[in-house]
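# What the coordinates show
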Amino acid sequence: MATTVIKTDGTSIKIDKPSHVYLQPLDGTGELTTSIYDLDNVLRDSTKLPQADNTQTTIDSETTDVPIKVITKLGDRTFECTVEDVQDDILTNFCGFTASTDGTALFAPSQYNDLYCQVTVVCDYGSKHFAYVYPKLQLSAKTLAESLNSNLAGVSITGTAMNKSVTVGGSTQVCPLYTIKDFTLPVTAP
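The following refers to the structure shown. (Residues numbered from 1 in each chain as written. Predicted model: local features only at pLDDT ≥ 70, side-chain atom pairs only at ≥ 80, totals over all residues. Heavy atoms only, no water.)

The next point concerns the packing of aromatic side chains. With the rule as written, the count across this model stands at five aromatic pairs. Measuring from ring centre to ring centre gives 5.5 Å for Tyr37 and Phe94, while their planes differ by 90 degrees; the resulting arrangement is edge-to-face. Of the two residues, Tyr37 is situated in strand S2 (residues 37-38) and Phe94 in helix H1 (residues 88-95); the sequence distance between them amounts to 57 residues. Neither residue differs from the other here; Tyr37 and Phe94 are each classed as buried. Considering the side-chain rings of Phe79 and Tyr134, the 6.3 Å spacing of their centres and the 65 degrees angle between planes classify their relative orientation as edge-to-face. Here the residue Phe79 occupies a position in strand S5 (residues 78-83), and Tyr134 occupies one in strand S9 (residues 128-139), the gap between them amounting to 55 residues. Residue Phe79 is classed as buried on the basis of its relative accessible area, which comes to 1%. (Phe/Tyr/Trp six-rings, centres within 6.5 Å; stacked < 30°, edge-to-face > 60°. Helix = DSSP H or I, 4+ residues; strand = E, 2+ residues; numbered from the N terminus. Buried < 20%, exposed > 50% of the residue type's maximum accessible area, 1.4 Å probe, protein only.)

What follows is the structure, encoded as C-alpha cells:
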C-alpha cells in the first residue's frame, strides 16, 4: 500500500480572538430556549475552553513490566468567561437569581440549583466563522463585586460540559463539545 503524506499548512485553520460569545439557556426539559444572549461586555482574555488532563489507571501484570491494559478517562471540559454586566437577564438566567414580583429587586439563590445553557464561542478566520459549541454546560456562575473603585461589577460564568445528543451536518452524536468550520451567526427571527 502506498504512503500518503498530507501537508497541513495549505488547509490550516488558525483560530484566535473570539468575535462572539453566545449563551442560550436550556429549559427544565433540556431543550434550548428561544433567547440567545450575545455577550458584549466580556472581559479581555477571560474566555477559556480548557480540557483537564486525562487520568489513567494502569492494570499491572504479575509476570512482566508491560501493563496488561491502561484505562484512560477523558478530562472534564470546562468553560469560563467574565462578563462586566449585571443586568437582570444575566443574573437570572446564568446565576439563578429570582426577580421580585414588581421586578425592582433580584434575590440571590440560597442554595445551588442546576442551571444549564448552550455556549457558542465564535472566532473569525478569513470570511468564515469558526465555532466551538458546548451543547450542555452545567453552570457554576458567581457574581463579582470586588475593588469597585477600580473594577466593574460583573459575573464569572463558568461550568462543566455535559454530554448531550446533537444533530449537526446530518449526523447525530452524543458529545460534550463540537466545532463548526463555517458557522452561521444567529439573527433575530421575524
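With that settled, the discussion passes to unusual backbone geometry. With a phi angle near 40 degrees, Lys17 is a residue other than glycine that sits in the positive phi range. Here Lys17 shows up in the segment before strand S1 (18-25). Given the relative accessible area of 68%, Lys17 is considered exposed. Within the chain, Asp45 stands out as a residue other than glycine whose phi angle is a positive 60 degrees.

This next bit is on the layout of surface pockets. Considering only enclosed or pocket space, the largest pocket measures out at about 360 Å³ in volume. Around the largest pocket, the lining is made up of 15 residues, and of these Lys17, Pro18, Arg44, Asp45 and Thr47 lie nearest the centre. The greatest single-element share of the lining of the largest pocket, amounting to four residues, is contributed by S1. In terms of residue class, the lining of the largest pocket is built from six nonpolar, four polar and five charged. (1 Å grid on protein atoms, 1.4 Å probe; cavity = no way out; pocket = protein on both sides within 12 Å on 5 of 7 lines; lining within 4 Å. Points joined across faces, edges and corners; volume = space filled by probe spheres on them. Nonpolar A, V, L, I, M, F, W, Y, C, P; charged D, E, K, R; others polar.)

On to the nonpolar core. In this structure, Leu39, Phe79, Phe94, Val119 and Ile157 are the most contacted members of the largest nonpolar core, which totals 21 residues. At the level of secondary structure, the elements contributing two or more residues to this core comprise S1, S5, H1, strand S8 (116-125), S9 and strand S11 (154-161). Broken down by element, this core gets its largest block of residues, four residues, from H1. With residues near it in sequence (within four places) discarded, Phe79 still touches Val21, Thr47, Lys48, Leu49, Val119, Val121, Tyr134, Leu137, Ile157, Thr158 and Gly159. In terms of nonpolar packing, the next biggest core, distinct from the first, is built from eight residues, Val122, Cys175, Tyr178 and Phe183 among them. (Core = buried A, V, L, I, M, F, W, Y, C linked by side-chain atoms within 4.5 Å. Contact = heavy atoms within 4.5 Å.)

We now examine the side chain of Ser61. In this fold, Ser61 is placed in the loop between strand S3 (55-59) and strand S4 (69-73). A distance of 3.2 Å separates the side chain of Ser61 from the backbone nitrogen of Thr63, its partner in a polar contact. At a separation of 3.4 Å, a polar atom in the side chain of Ser61 contacts the main-chain amide nitrogen of Thr64. If we ignore the near neighbours within four places in the chain, the residues touching Ser61 are Val66 and Ile68. (Polar contact = N/O pair within 3.5 Å; in protein donor to acceptor, adjacent residues only side chain to side chain.)

A cluster of nonpolar side chains, contributed by Ile59, Ile68 and Ile71, occupies part of the molecular surface with about 270 Å² of accessible area. The topology assignment puts Ile59 in strand S3. (Patch = residues over 30% accessible without salt bridge, like charges linked within 9 Å, V, L, I, M, F, W, Y side chains within 5 Å. Areas by Shrake-Rupley, 256 points an atom, 1.4 Å probe, with all protein chains shown as cover. Salt bridge = Lys/Arg side-chain N within 4 Å of Asp/Glu carboxyl O.)

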